[in-house]
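Topology and contacts: notes
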Amino acid sequence: MRFEEQLLMDLKAEMTARNERSRRVGRRLLAGAAVAGLAAVTAVALPLLTGPEPAYAVSENANGTITVELKEFRDAEQLEQDLGELGVSADITYLKPYTKCQNDRGAMAGGGYDTPEEWRASVHYKVARPGPKGFVIDPRQVGKGQTVALEFTENPKGPVKSQLNAMVIEGPVKPCVPEHDPTQLG
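So, how was this worked out
Residues numbered from 1 in each chain as written. Predicted model: local features only at pLDDT ≥ 70, side-chain atom pairs only at ≥ 80, totals over all residues. Heavy atoms only, no water. Salt bridge = Lys/Arg side-chain N within 4 Å of Asp/Glu carboxyl O. Helix = DSSP H or I, 4+ residues; strand = E, 2+ residues; numbered from the N terminus. Buried < 20%, exposed > 50% of the residue type's maximum accessible area, 1.4 Å probe, protein only. Arc of directions from axis to C-beta. Contact = heavy atoms within 4.5 Å. Phe/Tyr/Trp six-rings, centres within 6.5 Å; stacked < 30°, edge-to-face > 60°. Lys NZ or Arg CZ within 6 Å of the ring centre and 35° of its normal.

A look at the pattern of salt bridges
Considering all chains together, one arrives at 9 salt bridges under this definition. Put simply, Arg105 and Asp91 hold a salt bridge, and the shortest N to O gap is 2.8 Å. Placement of Arg105 in the loop between β4 (99-101) and β5 (107-108) and of Asp91 in strand β3 (residues 90-95) is noted, with a sequence separation of 14 residues between them. Here Arg105 matches Asp91 in class, with each residue buried. As a salt-bridge pair, Arg140 and Asp138 come within 2.8 Å of each other at their nearest N and O atoms. Among the residues examined, Asp138 registers a relative accessible area of 13% and is labelled buried. Where salt bridges share partners, they join Glu72, Arg74 and Asp75 into one cluster.

Structure below.
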């Protein structure tokens, strides 16, 4: 065999080997792209199938209290139902920043209060307190025929997500009529 023929055969063998390597790399790239595509589809489809993340979490504590962790201000009616299943009649209202409900939501349990000491001794103070993961409701503070009215005002500028106002109302709770709250900065 002449030198040129040997060189041509070597060149053909090298070209064939390169083509084979190229096909293997192409297959690997295609397989990798398929896996990446499947992962992307799963990342998008899974939330669509399972639904959005819950707006809140409710858990019962060993001492009889209930912890509510709010993640978003939505699903108030469902939260009311969930608390009702745990024996707490509740009226949940989410308010926009710098607003509050007008004061007359119904007859306050135990009457009114005039001093900070009276407030701290009242069921309104004891029924819902801030906790490590949200707020804690004490069902023992809500008697038969009473409803705890929980008003959450968004706080866009502060270090805390919201301001909570809790009241225990005798009988029916009147709907919230929002009004400007001059005590909030903004």
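Notes on helix α2 (residues 76-85)
Within α2, the full set of buried residues consists of Ala76, Leu79 and Leu83. Considered in projection along α2, the buried side chains sweep an arc of 60° and stay on one side of the axis. Away from its buried face by more than 90 degrees, α2 exposes Glu77 and Glu85. Its buried side turned inward, α2 meets β1 (56-60), β2 (66-70), β3 and β7 (134-137). Looking at the residues trailing α2, positive phi occurs at Gly87, about 90°.

A word on the packing of aromatic side chains
Tallying each qualifying case throughout the model produces 6 aromatic pairs. Pairing Phe73 with Phe152 gives two aromatic rings, centres 6.5 Å apart and planes at 35°, and the pair type is tilted. Pair noted here: Phe73 is in the loop between β2 and α2 and Phe152 is in strand β8 (residues 146-154), with a separation of 79 residues, a long-range link. Among the residues examined, Phe152 registers a relative accessible area of 2% and is labelled buried. An angle of 50° between the planes, with centres 4.8 Å apart, marks the rings of Tyr113 and Trp119 as tilted. Overall, Trp119 belongs to the partly exposed group, its relative accessible area being 23%. Through a chain of ring-to-ring contacts, three or more aromatic side chains come together here, namely Phe73, Tyr94, Phe135 and Phe152. Above the ring of Tyr125, the side-chain terminus of Arg129 is found at 3.9 Å from the ring centroid.

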